[in-house]
Amino acid sequence: MDSEMIARITAAKREAEALKERIKQRKEALADTTLQEMAKEIEPLPTIVMKARRTLKGHLAKIYAMHWATDKRHLVSASQDGKLIVWDAYSTNKVHAIPLRSSWVMTCAYTPSGDFVACGGLDNICSIYNLRTRDGPIRPARELSAHNGYISSCRFMDDRQILTASGDMSCMLWDIDAGVKIEEFNDHTGDVMSLSLSPNPNVFITGACDNTAKLWDVRSRRCVQTFMGHESDINSVQFFPSGNAFATGSDDATCRLYDLRVDCELNVYSHLSIVSGITSIGFSPSGRLLFSGYDDYNCNVWDTLKCERVGVLSAHDNRVSCLGVAGDGMALCTGSWDSTLKVWA
């Protein structure tokens, strides 16, 4: 029985590989041009010169995550000093300093309304804080607990629902008011490191340590597309502003652009001089620029169409662990293990 089963498994694996090869050949037959080829006639971008206009100081340990509010002025940051700080990026003032029950925090998020922030980490819990309470956000309004691994990423769909990604290889959608899990999304075979919400509220994308990115449909509760190409863990995923494409950043020192409609990779953003992994990525509102934070303390700026590096932002003294572009595209914020955040313009 055992030998028969092994033979059947081996045959199935061979068949799967053959089918993958056929799919690959079909796709290659349809690939009549490349994005770089199509972008040849487009004017190249000048060198992007951005200066660090503000430095947000207050954290006492490595910063692991940040997220802009939709008002384009406030942002939240999470550090392993056990604090979640809400900043006014214009004045550099701290609006709230929220003490966390667990200092091992890995992600944070702002609601679209600006009324709540969330965080999660090695405590396996996603904690929601209400910024509008009379006493201020001293204790969590909700603690969402069902994951069996660390919370690597969280994003609010609205004030009542939040998506979480975890080291237990799953993502979960939560009803915040009830404090319960509504849906669970399983298909990754490695820790899920990042998620990004589409402008279309029915789909989201994830990146994981199985070197793949997956597109999920909230309605059917399943993975509808899988994107391969990276040679190491994917640490960050971000939807293109139109929602038709997305970018990934990986420990293999490359960022990649994938298109949902043609179901394939369009561009690889890498340089011979870049050998360190990517921690975080973000698009400008037009999508022409891709910002990526690296382990080598720098943030590189890429022209998404021409696949060229058009700028390097260097002001941090340690790994750039997170970054985000303000909604109007007027500022970029980078957070670092040097315990500071910098706002660039």
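Heads up: the structure comes first, above all this text.
Residues numbered from 1 in each chain as written. Predicted model: local features only at pLDDT ≥ 70, side-chain atom pairs only at ≥ 80, totals over all residues. Heavy atoms only, no water.

Enquirer: Summarise the packing of aromatic side chains; cite the residues concerned and give the values.
Expert: Within this structure, the stated rule accounts for nine aromatic pairs. Seen in terms of ring centroids, Tyr64 and Trp337 are 5.8 Å apart; in terms of plane orientation they differ by 35 degrees. Their pairing is tilted. Taken together, the positions of Tyr64 in strand E2 (residues 63-68) and Trp337 in the loop between strand E27 (332-336) and strand E28 (340-344) put the pair 273 residues apart, joining distant regions of the chain. Aromatic rings pair up to connect Phe185, Phe204 and Trp216 into one cluster. The aromatic ring of Trp337 is capped on one face by Lys62, whose charged end is 3.8 Å from the ring centroid. Taking NZ or CZ as reference, Arg319 lies 4.2 Å from the ring centre of Trp337, over its face. (Phe/Tyr/Trp six-rings, centres within 6.5 Å; stacked < 30°, edge-to-face > 60°. Helix = DSSP H or I, 4+ residues; strand = E, 2+ residues; numbered from the N terminus. Lys NZ or Arg CZ within 6 Å of the ring centre and 35° of its normal.)

Enquirer: Report on the side chain of Ser276, specifying residues and quantitative values.
Expert: Summarising the element assignment, Ser276 is placed in the loop between strand E21 (264-269) and strand E22 (278-283). Of the residues examined, Ser276 reaches a relative accessible area of 13% and is grouped as buried. Reaching out from Ser276, the side chain makes a polar contact with the backbone nitrogen of Asp296 at a distance of 3.4 Å. Ignoring any residue separated from it by four or fewer positions in sequence, one finds Ser276 in contact with Ala253, Tyr294, Asp295 and Asp296. (Buried < 20%, exposed > 50% of the residue type's maximum accessible area, 1.4 Å probe, protein only. Polar contact = N/O pair within 3.5 Å; in protein donor to acceptor, adjacent residues only side chain to side chain. Contact = heavy atoms within 4.5 Å.)

Enquirer: An account of empty space enclosed by the protein is requested, with residue identities and associated values reported.
Expert: Tallying each qualifying case throughout the model produces one cavity of 30 Å³ or more. A volume near 80 Å³ is recorded for the largest cavity. Forming the boundary of the largest cavity are 14 residues, of which Leu100, Ser102, Cys119, Asp123 and Ser127 lie nearest the centre. In terms of residue class, the lining of the largest cavity is built from seven nonpolar, four polar and three charged. (1 Å grid on protein atoms, 1.4 Å probe; cavity = no way out; pocket = protein on both sides within 12 Å on 5 of 7 lines; lining within 4 Å. Points joined across faces, edges and corners; volume = space filled by probe spheres on them. Nonpolar A, V, L, I, M, F, W, Y, C, P; charged D, E, K, R; others polar.)

Enquirer: Let's hear about the sheet that holds strand E6 (residues 105-110): which residues, and what values?
Expert: Read across the open sheet, the four strands follow the order E6-E7-E8-E9; overall the sheet is antiparallel. Since the sheet does not close on itself, it has two edges, and those belong to E6 and strand E9 (142-145), each with one partner. Within this sheet the neighbouring strands show an average axis-to-axis angle of 20 degrees, counted without direction. In this sheet, E9 lies alongside strand E8 (residues 125-130) in antiparallel orientation, the contact comprising four bridges. (Pairing = 2+ DSSP bridges. Axes fitted to C-alpha atoms, helices over the stretch in contact; angles between N-to-C directions.)

Enquirer: Just give me the short version of the layout of surface pockets, but keep the residues and values in it.
Expert: By rolling a water-sized probe across the atoms, one finds the places where empty space is left. One number sums up the size of the second largest pocket: a volume of about 1,000 Å³. Lining the second largest pocket are 28 residues, with Lys24, Lys27, Asp263, Cys264 and Glu265 positioned closest to its centre. Of all the secondary structure elements, the ones that give two or more residues to the lining of the second largest pocket are helix H1 (2-30), helix H2 (35-38), strand E17 (222-227), strand E20 (255-259) and E21. Residue contributions to the lining of the second largest pocket peak at nine residues, all from H1. Looking at the lining of the second largest pocket residue by residue, the class counts come to twelve nonpolar, six polar and ten charged.

Enquirer: Quick rundown of unusual backbone geometry? Include the residues and the values.
Expert: One non-glycine residue, Lys72, lies in positive phi territory at about 65 degrees. Position of Lys72 relative to the elements: it lies in the loop between E2 and strand E3 (74-79). Phi is positive for Asp263, which is not a glycine, with a value near 60 degrees. In this fold, Asp263 is placed in the loop between E20 and E21. A residue is classified by how much of its surface remains accessible, and Asp263, at 25% relative accessible area, is partly exposed.

Enquirer: Now, about the side chain of Asp338: what can you tell me, with residues and values included?
Expert: With respect to the element layout, Asp338 can be found in the loop between E27 and E28. Here Asp338 occupies a buried position and makes no salt bridge, while the nearest side chain of opposite charge, Lys342, is found at 5.8 Å. At a separation of 2.8 Å, a polar atom in the side chain of Asp338 contacts the side chain of Thr340. Not counting chain neighbours up to four residues away, the residues in contact with Asp338 comprise His316, Asp317 and Asn318. (Lys, Arg positive; Asp, Glu negative; His and termini not counted. Salt bridge = Lys/Arg side-chain N within 4 Å of Asp/Glu carboxyl O.)

Enquirer: Any details on the sheet that holds strand E13 (residues 180-186)? Residues and values, ideally.
Expert: Across the sheet, which stays open at both edges, the four strands sit in the order E10-E11-E12-E13 with antiparallel pairing between neighbours. At either margin of the open sheet sits one strand with a lone partner, and together these are strand E10 (151-158) and E13. Neighbour-to-neighbour, the strand axes of the sheet open up by a mean angle of 20 degrees, direction not taken into account. Judged from the six bridges that link them, E10 and strand E11 (residues 161-166) form a sheet pairing that is antiparallel. Directly across from Arg155, in E11, lies its bridge partner Leu163.

Enquirer: Residues and numbers for the pattern of salt bridges, please.
Expert: Under the definition given, this model contains 15 salt bridges. Taking the shortest distance from any N to any O, the salt bridge between Glu37 and Lys40 comes out at 3.3 Å. Overall, the relative accessible area of 44% leaves Glu37 in the partly exposed class. Residue classification places Lys40 among the exposed residues on the basis of a relative accessible area of 55%. Glu183 serves as the salt-bridge partner of Arg221, at 3.2 Å between the closest nitrogen and oxygen. Placement of the pair is Arg221 in the loop between strand E16 (213-217) and E17 and Glu183 in strand E13, with a sequence separation of 38 residues. Through salt bridges with shared partners, a single network forms among Asp252, Arg256 and Glu265.

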